[in-house]
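# Chain and residue survey
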Amino acid sequence: MALGTPVVTTTLGVEGLEVCQGRETFIADSPKEFAQYVCILSGNPELRASMARRARRLIEQKYDWNLVVQPLERMIESFDKEKDSVRRRIRPRAMVDAA
């Protein structure tokens, strides 16, 4: 989807993604359904192109690497700051006296 390619996948393949059946992808959980959707896409270049555009747009808007990583980085940084704060509070008395 991120490559701008129309996708036929399974329910498991889109787990956690906010996609709509027939809009950004085709979701097929049986070999028969999978083959049907592949045939539909192969015979309809306009559908392939529009589905690929919508899927790419969805990925850029909701799942871009920077959108996903920045909150994670902030969370990790807050853990590091909290860890340093805890270390300062529980520092052994002998270490404080030696400093």
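See the structure printed just above.
Attention here is on the structure that accompanies the text.

Calculation criteria
- Residues numbered from 1 in each chain as written.
- Predicted model: local features only at pLDDT ≥ 70, side-chain atom pairs only at ≥ 80, totals over all residues.
- Heavy atoms only, no water.
- Axes fitted to C-alpha atoms, helices over the stretch in contact; angles between N-to-C directions.
- Helix = DSSP H or I, 4+ residues; strand = E, 2+ residues; numbered from the N terminus.
- Parallel < 35°, antiparallel > 145°, perpendicular 65-115°, else oblique.
- Contact = heavy atoms within 4.5 Å.
- Salt bridge = Lys/Arg side-chain N within 4 Å of Asp/Glu carboxyl O.
- Buried < 20%, exposed > 50% of the residue type's maximum accessible area, 1.4 Å probe, protein only.
- Core = buried A, V, L, I, M, F, W, Y, C linked by side-chain atoms within 4.5 Å.
- Polar contact = N/O pair within 3.5 Å; in protein donor to acceptor, adjacent residues only side chain to side chain.
- Patch = residues over 30% accessible without salt bridge, like charges linked within 9 Å, V, L, I, M, F, W, Y side chains within 5 Å.
- Areas by Shrake-Rupley, 256 points an atom, 1.4 Å probe, with all protein chains shown as cover.
- Phe/Tyr/Trp six-rings, centres within 6.5 Å; stacked < 30°, edge-to-face > 60°.

Another aspect to go through is the packing of helix H1 (residues 31–42) against helix H2 (residues 45–62). The relative placement of two packed helices is expressed as an angle between their axes plus a distance between the axes. For the pair H1 and H2, interaxial distance at closest approach is 6 Å and the crossing angle is 105 degrees. With respect to each other, H1 and H2 are oriented roughly perpendicular. Contacts between H1 and H2 involve Ile40, Leu41 and Ser42 on the former and, on the latter, Leu47, Arg48 and Met51.

Applying the stated rule across the entire model yields three salt bridges. Between Glu18 and Lys62 there is a salt bridge, with the nearest N and O atoms lying 2.9 Å from each other. Residue Glu18 is located in the loop between strand E1 (8–9) and strand E2 (26–27), and its partner Lys62 is located in helix H2; the two are separated by 44 residues in the primary sequence. One salt bridge connects Arg23 with Glu24, and the closest N-O pair in it is separated by 3.3 Å. Judged by its relative accessible area of 40%, Arg23 falls in the partly exposed class.

Before going further, it helps to examine the nonpolar core. With eight residues, the main nonpolar core is built from Met1, Val7, Val14, Val19, Ile27, Ala55, Leu58 and Ile59. It is H2 that provides the largest number of residues to this core, a total of three residues. When sequence neighbours within four positions are dropped, the list of residues in contact with Val19 reads Met1, Val14, Glu24, Thr25, Ile27 and Leu58. Ranked by size, the runner-up nonpolar core spans seven residues in total, among them Val8, Ala28, Tyr37 and Met51.

Position of Arg54 among the secondary structure elements: in helix H2. Within the local environment of Arg54, its side chain forms a polar contact with the backbone oxygen of Arg23, the two atoms lying 2.9 Å apart. Once residues lying within four places of it in the same chain are set aside, the contact partners of Arg54 are Gly22, Arg23 and Glu24.

Our focus in this paragraph is a nonpolar patch on the surface. Taken together, Leu72, Met75, Ile76 and Phe79 make up a surface patch of nonpolar side chains, about 380 Å² in accessible area. Mapped onto the elements, Ile76 comes out in helix H3 (residues 65–89). For Ile76, a relative accessible area of 43% translates into the label partly exposed.

Turning next to the packing of aromatic side chains. Under the defined criterion, the tally for this structure stands at one aromatic pair. Consider the rings of Phe26 and Tyr37, whose centres lie 4.3 Å apart with planes at 5 degrees: the pair is stacked. Remark: Tyr37 occurs in helix H1 and Phe26 occurs in strand E2; sequence separation between them is eleven residues.

All quantities given are derived from atomic positions and should not be read as evidence of function.
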